[in-house]
2 protein chains.
Amino acid sequence: MAQEKDALMERTLDPVDAAGWAELRALAHRMVDGAFYHIVGRREQPVWQKPSDAVRKAIGGEEVPRAGEGAAAAYESFLNNVLPYAIGNTHPRFWGWVMGGGDAVGMMAEMLAAAMNPNVGGFDDSATLVEEQVVRWMAELMGMPAGTSGVLMSGGTMANLVGLNVGRFARSGFDVRGEGMRGGPELRVYCSTETHSWLKKSMELMGMGRSSLHAVGVDAIHRMKIDELKAAIAADRAAGLKPLCAVATAGTVNTGAVDDLTVIADICQAEGMWFHVDGAFGAPAYWSEKLRPIVRGMERADSLAFDLHKWGYMPYDIGCVLVRDAEAHKAAFASGASYLTAMDRGPVADGLRFADRNVELSRGFRALKAWMSLKAHGVDALTALIEQNVEQARYLVQLIEQSDALELAAEAPLNIVCFRYRVANDDENKEILMRLQESGLAVPSGTVISGRFAIRVAHTNHRTRREDFDLLVEAVERIGREVVGR
Amino acid sequence: MAQEKDALMERTLDPVDAAGWAELRALAHRMVDGAFYHIVGRREQPVWQKPSDAVRKAIGGEEVPRAGEGAAAAYESFLNNVLPYAIGNTHPRFWGWVMGGGDAVGMMAEMLAAAMNPNVGGFDDSATLVEEQVVRWMAELMGMPAGTSGVLMSGGTMANLVGLNVGRFARSGFDVRGEGMRGGPELRVYCSTETHSWLKKSMELMGMGRSSLHAVGVDAIHRMKIDELKAAIAADRAAGLKPLCAVATAGTVNTGAVDDLTVIADICQAEGMWFHVDGAFGAPAYWSEKLRPIVRGMERADSLAFDLHKWGYMPYDIGCVLVRDAEAHKAAFASGASYLTAMDRGPVADGLRFADRNVELSRGFRALKAWMSLKAHGVDALTALIEQNVEQARYLVQLIEQSDALELAAEAPLNIVCFRYRVANDDENKEILMRLQESGLAVPSGTVISGRFAIRVAHTNHRTRREDFDLLVEAVERIGREVVGR
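What you are looking at is a predicted structure, and each value in this text was computed from that prediction instead of being measured. (Residues numbered from 1 in each chain as written. Chains lettered and ligands numbered in written order. Predicted model: local features only at pLDDT ≥ 70, side-chain atom pairs only at ≥ 80, totals over all residues.)

Caption draft 1: The overall build of chain A, seen in detail. Along its length, chain A carries 17 helices and 12 strands. Compactness check: chain A gives a C-alpha radius of gyration of 25 Å against a globular reference of 23 Å for 486 residues, within 12% of the reference. Reported as C-alpha extents along the three principal axes, the dimensions of chain A are approximately 85 × 65 × 45 Å. A buried classification covers 60% of the 486 residues belonging to chain A. The long-range share in chain A, meaning contacts at least 24 apart out of those at least 6 apart in sequence, stands at 74%. (Helix = DSSP H or I, 4+ residues; strand = E, 2+ residues; numbered from the N terminus. Rg over C-alpha atoms; globule rule 2.2 N^0.38 Å. Buried ≥ 20, exposed ≤ 12 C-beta atoms within 10 Å, placed from the backbone. Contact = placed C-beta atoms within 7 Å.)

Now the structure itself:
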């Protein structure tokens, strides 16, 4: 009896009775309707709108909520103050900073993942089986051999960091984990000047320092200069440094350029260096027979990193790193801990395999959205969209070439198109871009190509139609005339 | 006309018409019902059950899905093969490895976050405002000053890594980002032997090496020995090394011990060292007036890391790092990139503030579940549950003390209770634990305390009632008799 009373008095975050559950479930159904209403009507909304001062105050001015207002009120705040002021990548005319749009299957998978709520450290559970399967599928789709290891990460930066760290452990020639970077010669990493900022940040975090990174120049189409790479390796060897790794890019963030992966793979092989490929957005091009020649050589990577929330169209966040040598992968990260003590049976019988492949121990079930998306849509459908994005980018290139007012700012080999309003200077082109973004009609981003500002369309959007690029070009021409006066 | 035809021919992952949307929305509603049915009935299900061979084959034996089977079929696979074989932390009798159970508000917030699908790099959007607000609330709740910087991470390991890296940059005395660990004297980091494995892994990843980590011994209640810490710092200084940082723990993973944070803060202050606190699960104890004295001194941290998917009861994944010195935080991670070119207005006008506070650039909207959970439930409700967990742990301690068959394996100052079947040896206690886990009745985990195996209850479960601990103790007594024969 005392126990019954205790139980009644004990709290939980769950509703306390059937009526409470029914109320919360009804709210959840309203949320689903709200989410679908939002997605279905997204095309008719502004791509992006700046949060108003009232919204800033409503969100940023709220005291710590000591007493709860209930889930319905919290949802109301979300609907009023949060949802309308998104960065905009679910919209058909968002092409900024290489972001995918996500989809409704992935969205619901996120809900299911949270219902199940596993920590996917690598227990003997179904979430681990699902992630292993997604990694196997990815290895096959990327042309890497059976037995390739891998792990899903939050995104390209983390996936790249993990790959590079495996390479450091595997090819340094000294005990990096034990002794750190002071335990051997200076290790050099090579990339091109077009490499994404993840590499500098990773070199810094890894205690290697930016000074150990040699950024090789690029040719006219923004690919790493091979002769310069070879010369740098030779010079570093002569100076007593140890060439560790070449980082090639399959789809640079600025222009979508793809380094000559086969040649760089050959060089790494000859030099005993680790071959890492950053395919953050470009790697899924490998799924397409048409596009595969562009990224050929990628499958020879010792480690390959890519995102699935970009050109895989899945909701944030999900990236992946694949490592050809599974033992090397584990050797770079595995650690024992007494509370993970070895057991013969039970949920932790096999250790925590994913914790042994990356720096994280707590890991959400991001694998579920990949598994459900791949199963529901099929890889062929995703691949057709990737091809469509490249065709649509070609279409945009044609529109720019046909326009007297616009000019291309760089080659557009894949799905990134950089252009300018021809008679505008850098400040004016920036102004055109900002007015376009503020109009809510479209959100490209900006970049600098060979020292000059450019408007950049990074197209990994499965909702875009060609007519959206017609609207973009018309808008840039119109705003350009307004800004420049001609 | 040609354009209309093109538009019709263009693909998308979205349903192509209203009927398709209606069908997908209906499925989403079924998913919500399924998720609620699962959570409401969770208590009646096994905590954990080993995936059968059939399940392993169904998940692990599937070919790459080239053609899509549709979302309904993918959901069916999830229901049959995935959901029943979870690690179990949503169950009222799961107390393994310090995992929280999540809740339905957080679950729905994950769905809403994916509907909106922002990359929360720190654009001028509402998601950024929400994350900034969650960080501000956390700083206030943890007793840190206004102006404290912070960022939400995937979990404790990543949050701790970020904090330590800020400390390295701020206190090394040389250009770590530029020159790496070879650019100055050997930097030493101090912790106790009870520190979580994140620190070794981070030292390795950061290129500092495990050899630069000095693990100080612990006293009888598993707290860092202060005299040993002082002696180690003095000896290292004398040897020409540079003491960089002391890492204190608020809630060790093995026993829930809390280091003497105030004294360690004093030492760091006197020595010019960075004071980092790993409060992965213990930090939220600070929210409670009753429990605050246990973790007092935590608020003096230069950097503080903690999880919200543990003692914050939110779904995976969400951790947080707070950094007192906002400039130091930014100085350790900020980087410019041409495609993030400076703009006066538009969505990237203020740069990417969260990318400047951690290694990730792509970041999901995990802030939303924190924001909605805090608003819906209120901090007082969460705090009451934290207190309830500690009271329930006290109750379990009493049960163990009252049992002739059981004995405590360590002090239980907070919410972690380690115990043994008294007359069983290590292998037998392991066997008891494994049989208990396999029974599906309860999932504690195991650990090693002072060289001996122990069954470990890590209690951050908002669904547990005292009666669940009655069941646990009865089961361990029964299984113990079966295993040992008395």
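Caption draft 2: Representation of helix 7 (residues 156–171) of chain A. Here helix 7 of chain A is 16 residues long and its end C-alpha atoms lie 22 Å apart, about the 22 Å a rise of 1.5 Å per residue gives. Taken across its 16 residues, helix 7 of chain A has 15 buried, putting it largely inside the fold. (Expected span 1.5 Å × (residues − 1).)

Caption draft 3: Geometry of the pairing of strand 7 (residues 303–307) of chain B. Residues and elements named next belong to chain B. Of all five residues that make up strand 7, five are buried, and the element is covered over most of its length. Along strand 7, one buried face is formed by Ser303, Ala305 and Asp307 and the opposite face, lined by Leu304 and Phe306, is buried too. The pairing of strand 6 (residues 274–278) with strand 7 spans three bridges and is parallel. Residue Val277 lies in a different strand from strand 7, and its bridge partner there is Leu304. In this sheet, strand 8 (residues 319–323) lies alongside strand 7 in antiparallel orientation, the contact comprising five bridges. When the bridges of strand 8 are listed, Leu304 appears paired with Leu322. (Pairing = 2+ DSSP bridges.)

Caption draft 4: Expanded view of the domain arrangement of chain A. The domain architecture assigned to chain A consists of domain 1 (12–100), domain 2 (118–364) and domain 3 (380–484). Centre-to-centre separation of domain 1 of chain A and domain 3 of chain A, based on C-alpha positions: 30 Å. (Domains from an automatic or database assignment.)

Caption draft 5: Structural detail: the relation of the copies chain A and chain B. Rotating chain A by 180 degrees about the axis while translating it 0.0 Å along that axis superimposes it on chain B, leaving an RMSD of 0.0 Å. Classification of the inter-copy transformation places it as that of a two-fold axis. Most of the interface of chain A is mirrored in chain B, where 100% of its interface residues again form contacts. (Least-squares fit on C-alpha atoms with pLDDT ≥ 70 in both.)

Caption draft 6: Broad picture of the sheet that holds strand 1 (residues 94–95) of chain A. Residue and element names in this part refer to chain A. Pairing within the open sheet is mixed, and its five strands lie in the order 1-11-12-10-9. Either end of the sheet is taken by a strand with one partner, and the two such strands are strand 1 and strand 9 (406–408). Here strand 11 (residues 443–449) pairs with strand 12 (residues 452–458) via five bridges, running antiparallel. Residue Ser445 lies in a different strand from strand 12, and its bridge partner there is Arg456. Contacts from helix 16 (residues 426–439) reach strand 10 (416–421), strand 11 and strand 12 within the one sheet, and its direction differs from that of strand 12 by about 30 degrees. Against the sheet, helix 17 (residues 466–484) contacts strand 9, strand 10 and strand 12, and its axis sits at roughly 30 degrees relative to strand 10. (Axes fitted to C-alpha atoms, helices over the stretch in contact; angles between N-to-C directions.)

Caption draft 7: Quick look at the interface of chain A and chain B. With 161 residues of chain A at the interface, the matching set in chain B holds 162 residues. Take the side of chain A that touches chain B: its biggest share by element is 12 residues, from helix 2 (residues 18–40) of chain A. Per-class residue counts for the side of chain A that touches chain B are 75 nonpolar, 47 polar and 39 charged. (Nonpolar A, V, L, I, M, F, W, Y, C, P; charged D, E, K, R; others polar.)

Caption draft 8: Structural view of helix 14 (residues 367–377) of chain A. With 11 of 11 residues buried, helix 14 of chain A is to be regarded as a mostly interior element. Restricting attention to buried positions, one finds in helix 14 of chain A the residues Ala367(A), Leu368(A), Lys369(A), Ala370(A), Trp371(A), Met372(A), Ser373(A), Leu374(A), Lys375(A), Ala376(A) and His377(A). For helix 14 of chain A, the elements touching its buried residues are helix 5 (104–116), helix 6 (126–141), strand 2 (149–153) and helix 15 (379–402) of chain A together with helix 4 (71–82) of chain B. Once helix 14 of chain A ends, the next one or two residues include Gly378(A), with phi positive near 85 degrees.

Caption draft 9: Examining the sheet that holds strand 9 (residues 406–408) of chain B more closely. Residue and element names in this part refer to chain B. Strand order in the open sheet formed by five strands is 1-11-12-10-9, with mixed pairing between adjacent strands. Edge strands, defined here as strands with exactly one partner in the open sheet, are strand 1 (94–95) and strand 9. Packing of helix 16 (residues 426–439) onto the sheet brings it into contact with strand 10 (416–421), strand 11 (443–449) and strand 12 (452–458), and relative to strand 12 it is tilted by some 30 degrees. Lying over the sheet, helix 17 (residues 466–484) contacts strand 9, strand 10 and strand 12, oriented at roughly 30 degrees with respect to strand 10.

Caption draft 10: Structural context of the environment of Ala22(A). Residues and elements named next belong to chain A. Its location among the elements puts Ala22 in helix 2. Taking the number of C-beta atoms within 10 Å as the measure of exposure, Ala22 has 12 and is therefore exposed. Spatially, the C-alpha atoms of Ala22 and Phe354 are 37 Å apart, while their sequence positions differ by 332 residues.

Caption draft 11: Summary view of unusual backbone geometry. Residues and elements named next belong to chain A. In the segment running from Tyr316 into Asp317, the intervening peptide bond is cis, with an omega of -10 degrees. Within the secondary structure layout, Asp317 lies in the loop between strand 7 (303–307) and strand 8 (319–323). Phi is positive for Val98, close to 55 degrees, though the residue is something other than glycine. Backbone geometry at Asn117 places phi at a positive 55 degrees, although glycine is not the residue there. Mapped onto the elements, Asn117 comes out in the loop between helix 5 and helix 6. Since 29 C-beta atoms lie within 10 Å of it, Asn117 is described here as buried.

Caption draft 12: Summary view of the packing of helix 7 of chain A against helix 9 (residues 198–205) of chain A. All names here are of chain A. Packing of helix 7 against helix 9 brings their axes to within 10 Å, and their N-to-C directions diverge by 50 degrees. Judged on the interaxial angle alone, helix 9 and helix 7 are oblique. You can see that helix 7 and helix 9 cross each other, and the crossing is right-handed. On helix 9, the residues touching Gly156, Thr157, Asn160, Leu161 and Leu164 of helix 7 are Trp198, Lys201 and Ser202. Of the residues that constitute the contact of helix 7 with helix 9, the class distribution is three nonpolar, four polar and one charged. (Parallel < 35°, antiparallel > 145°, perpendicular 65-115°, else oblique. Left-handed = near helix turned anticlockwise from the far one by under 90°.)

Caption draft 13: Local environment of the pairing of strand 4 (residues 213–216) of chain A. Residues and elements named next belong to chain A. The sheet contact formed by strand 3 (residues 187–192) and strand 4 spans four bridges and is parallel. For Ser192, the partnering residue across the bridge sits in strand 4 and is Val216. This β-α-β element, strand 3 to helix 9 to strand 4, shows right-handed connectivity. (Right-handed = clockwise from strand over helix to strand, strands pointing away.)

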